[in-house]
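Summary of structural features
Listed below, chain by chain, are the residues.
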Amino acid sequence: MASSALLWRPCLLHRTLKTVSLSKTVFFPNTQCGILAQTANYNPKPLKLNLKKPYIPDKNNEKTPEWQKTEKYDKKLFAKYGFASGIDPAILWPTHEQLEKITEEEKEWNPSLEQMMKNIAAREKEEREKRLAKEKLIAANMAKMPEMIEKWRRQKVETKKKLKEEKARRERLLAEATERLGCAVHPNSPRFLEVVAEIQKEEKKRKKLLKLKERQDRLAAAAEAAGISPPPVTS
């Protein structure tokens, strides 16, 4: 039963193809046989290609692409077809400007052995000079190192001294302001800040008077040493 079915299907396909080949009007669009019929009836037209003569574009024709009118394309045509391309090889040779450019590029990217040796020597000289300058700078800094360390220590001591003095001044202002107000107040309260401003103003005035007195004493001592009366000092 199975063998008869397998033999029956090729026979049916052969009959269908035979019918299609005899009549082009037979068409089954929704079946597999319809696709086979389309394939059997397809008869494309041959391409009209002239493979005997080379394709040489007409540069005077407006339809010719611009890239086919360039010197680069002419070089390709001459390389492919030779003299059959109708191109004069003399016009493909580079001009004097192009030759100079090519020569400069070769000198830059493919220098001679002598030039390469000179470049290596110049690079080594530059690296040696940089190394010597760096070593000289390090030696000079190392010579200054004790002085720099001593300077850093003095700055550190002065900074600590200033911080200590500023802390003592704040504590003194806080104690004096608390004493004047008669009670402990918050350091950021407006009343406390007003009292602190008054104390600072008084201190500034007191320092000014002290400087004035010192100046007056110096002038008096100088006048006494010179045997003249000291000039009056005005505040």
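Please read all numbers here as calculations on a predicted model, not as lab measurements. (Residues numbered from 1 in each chain as written. Predicted model: local features only at pLDDT ≥ 70, side-chain atom pairs only at ≥ 80, totals over all residues. Heavy atoms only, no water.)

Another point: the nonpolar core. Among the nonpolar cores identified, the biggest contains six residues, and these are L173, A177, F192, V195, V196 and I199. Secondary structure elements with two or more residues in this core: α5 (113-181) and α6 (190-226). (Core = buried A, V, L, I, M, F, W, Y, C linked by side-chain atoms within 4.5 Å. Buried < 20%, exposed > 50% of the residue type's maximum accessible area, 1.4 Å probe, protein only. Helix = DSSP H or I, 4+ residues; strand = E, 2+ residues; numbered from the N terminus.)

What follows deals with the side chain of Q68. With respect to the helices, strands and loops of the structure, Q68 is situated in the loop between α2 (32-41) and α3 (71-81). A distance of 3.1 Å separates polar atoms of two side chains, one belonging to Q68 and the other to Y55. In contact with Q68, other than residues within four places in its own chain, are Y55, P57, K59 and Y73. (Polar contact = N/O pair within 3.5 Å; in protein donor to acceptor, adjacent residues only side chain to side chain. Contact = heavy atoms within 4.5 Å.)

Quick look at α5 now. Taken as a whole, α5 carries its principal kink of about 45° at M145; the proline P146 stands between one and four residues after it. One or two positions beyond α5, positive phi appears at G182, with a value near 85°. (Bend = angle between axes of the 7 residues up to and from the residue.)

We now examine the pattern of salt bridges. Overall, the coordinates contain eight salt bridges when judged by the stated rule. Its salt-bridge partner being E114, residue K118 comes within 3.7 Å of it at the nearest N-O pair. Of this pair, K118 and E114 both sit in helix α5, separated by four residues, roughly a single helical turn. The class for E114 is exposed, based on a relative accessible area of 55%. Across the pair E166 and R170 runs a salt bridge, and its minimum N-O distance is 3.9 Å. Here the residue E166 and the residue R170 both occupy positions in helix α5, the gap between them amounting to four residues, near one helical turn. Given the relative accessible area of 31%, E166 is considered partly exposed. Several salt bridges converge on common partners, so that one network encompasses E166, R169 and R170. (Salt bridge = Lys/Arg side-chain N within 4 Å of Asp/Glu carboxyl O.)

This next bit is on the confidence of the model for the protein. Looking at the protein as a whole, the pLDDT averages 78, with 77% of positions reaching at least 70. The weakest mean pLDDT in the protein belongs to helix α1 (residues 2-22) at 49; the strongest belongs to α5 at 90. Ignoring residues within four places in sequence, the model shows residues 1-7, a span with pLDDT below 50, making zero contacts including any to other chains. Confidence drops under a pLDDT of 50 for residues 20-29, and excluding neighbours within four residues, the segment shows 13 contacts in the predicted structure. (pLDDT = per-residue confidence, 0-100.)

Packing of α5 against α6 brings their axes to within 9 Å, and their N-to-C directions diverge by 115°. With respect to α6, the element α5 is oriented roughly perpendicular. Considering the relative orientation of α5 and α6, their crossing is right-handed. Of α6, the residues touching α5 (which contributes R169, R172, L173, L174, E176, A177, R180 and L181) are R191, F192, V195, V196, E198, I199, Q200, E202 and E203. Of the residues assigned to the contact of α5 with α6, the class counts are eight nonpolar, one polar and eight charged. (Axes fitted to C-alpha atoms, helices over the stretch in contact; angles between N-to-C directions. Parallel < 35°, antiparallel > 145°, perpendicular 65-115°, else oblique. Left-handed = near helix turned anticlockwise from the far one by under 90°. Nonpolar A, V, L, I, M, F, W, Y, C, P; charged D, E, K, R; others polar.)

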